[in-house]
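Commentary on secondary and tertiary structure
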Amino acid sequence: VRDIDWDVGPICVVMGNEDRGISQEMRDLADETFTLPMCGFAESFNLSAATSITLAHMSAKSSEGKGPLRPGDMEEHEYNCLYLKGLLSSLPQRRTGPALLKQNGIVLPDAIR
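Each chain has its residues counted from 1, following the order in which its sequence is written. Local features in a predicted model are, by the rule used here, given only for residues with pLDDT of at least 70; side-chain atom pairs are given and counted only at 80 or more, and totals for whole chains, interfaces and linings are based on all residues. To obtain the side-chain values, all non-hydrogen atoms of the structure were used and water was disregarded.

**Notes on the overall build of the chain**
Condition: Put simply, DSSP H or I for four residues or longer makes a helix, DSSP E for two residues or longer makes a strand, and each gets a number counted from the N terminus. Only protein chains enter the calculation, and the probe is 1.4 Å; a residue is then buried if its accessible area is under 20% of its type maximum, exposed if over 50%, and partly exposed in between. Contacts are residue-level and defined by heavy atoms, with any inter-residue pair within 4.5 Å sufficient. The positive count covers Lys and Arg only, the negative count covers Asp and Glu only, and His and the chain ends enter neither. A single reference atom marks each charge: NZ on Lys, CZ on Arg, CG on Asp, CD on Glu.
Check the secondary structure of the chain and you find 4 helices and 0 strands. Listing the helices and strands of the chain from first to last along the sequence gives α-α-α-α. If you line up the chain on its principal axes, its C-alpha atoms span 55 × 35 × 30 Å. Burial statistics for the chain: of 113 residues in total, 12% are counted as buried. In the chain, the share of contacts with a sequence separation of at least 24, taken over all contacts with a separation of at least 6, comes to 54%. One way to put it: in the chain the 11 positive side-chain charges average out to a point 9 Å from where the 16 negative ones average out.

Following this line, the structure appears as structure tokens:
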């Protein structure tokens, strides 16, 4: 993870599970692969820990003026739609949000449902 040039342009990070990693097909399609350095007795990080470590590294690089995490160029409307979709998905009962909006005359586009 330390040797990756995070500043080359758009990236997609694919995380594999601790048992099998990523598929050979995905590995073959990748421009770069990386591992996370480990110390101590642990054999591997679980997926959430590995993802957190990777995102923290990417975030630290970005705060230095390098790295992939930069302000996006997404239109405000698209951002708001994605934000709303995330909020609706986070409700304990997924039908609650759309039902409340519908009661108030707000019909969601299919892309958000």
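That was the structure; now back to the text.
**Some details on the packing of aromatic side chains**
Keep this limit in mind: Pairing of aromatic rings covers Phe, Tyr and Trp, the last through its six-membered ring, and needs centres within 6.5 Å; plane angles under 30 degrees mean stacked, over 60 mean edge-to-face, and all others mean tilted.
Taken as a whole, this structure holds 1 aromatic pair when the rule is applied. Ring geometry for Y79 and Y83: centres 6.1 Å apart, planes at 5 degrees, overall stacked. A residue pair is termed a helical-turn pair when its members lie 3 or 4 positions apart in one helix, as Y79 and Y83 do in helix α3 (residues 76-90) at 4 residues. Y79 sits in the partly exposed class, given a relative accessible area of 47%.

**Looking at the environment of F34**
Locating F34 in the fold gives a position in the loop between α1 (24-29) and α2 (47-63). Residue F34 is classed as partly exposed on the basis of its relative accessible area of 26%. Through-space distance from the C-alpha of F34 to that of Y83 is 31 Å; in sequence the pair is 49 residues apart. Here F34 is in contact with V1, I4, W6, V13 and T54, once residues within four sequence places are set aside.

**Some thoughts on the layout of surface pockets**
Remark: the empty space left among the atoms is shown by a probe the size of a water molecule rolled over them. Applicable threshold: Only protein atoms enter the 1 Å grid used here, on which a cavity is any set of points holding a 1.4 Å probe that cannot leave and a pocket is any open set flanked by protein within 12 Å on both sides along at least five of seven lines; residues with an atom within 4 Å of a point are listed as lining. Grid points are joined across faces, edges and corners, and a volume is the space filled by probe spheres set on the points. Under the scheme applied, nonpolar residues are Ala, Val, Leu, Ile, Met, Phe, Trp, Tyr, Cys and Pro; charged residues are Asp, Glu, Lys and Arg; polar residues are all the others, including Gly.
Here the largest pocket defines a volume of roughly 980 Å³. Lining the largest pocket we find 33 residues, and of these V13, V14, E32, T33 and F34 sit closest to its centre. Where the lining of the largest pocket is concerned, the elements lending two or more residues are α1 and α2. Counted by class, the lining of the largest pocket contains 19 nonpolar, 7 polar and 7 charged residues.

**Quick notes on a nonpolar patch on the surface**
For the record, the criterion: Surface patches are defined over residues having more than 30% relative accessible area and no salt bridge, joining like charges when they lie within 9 Å and nonpolar side chains (Val, Leu, Ile, Met, Phe, Trp, Tyr) when within 5 Å. Methods summary: accessible areas were calculated by the Shrake-Rupley approach with a probe of 1.4 Å, and residue burial reflects only the protein chains presented. Each salt bridge in this description consists of a side-chain nitrogen of Lys or Arg and a carboxyl oxygen of Asp or Glu lying within 4 Å of one another.
A surface patch of nonpolar side chains, about 520 Å² in accessible area, is lined by M74, Y79, L82, Y83 and L87. A residue is classified by how much of its surface remains accessible, and L87, at 40% relative accessible area, is partly exposed.

**Here we look at the confidence of the model for the chain**
As a reminder, the rule being used: The predictor attaches a confidence to each residue, and that confidence, scored 0 to 100, is pLDDT.
The predicted model of the chain averages 81 in pLDDT, with 90% of residues at 70 or higher. By mean pLDDT, the top-scoring element of the chain is α1 (92), and the lowest-scoring one is helix α4 (residues 96-103) (82).

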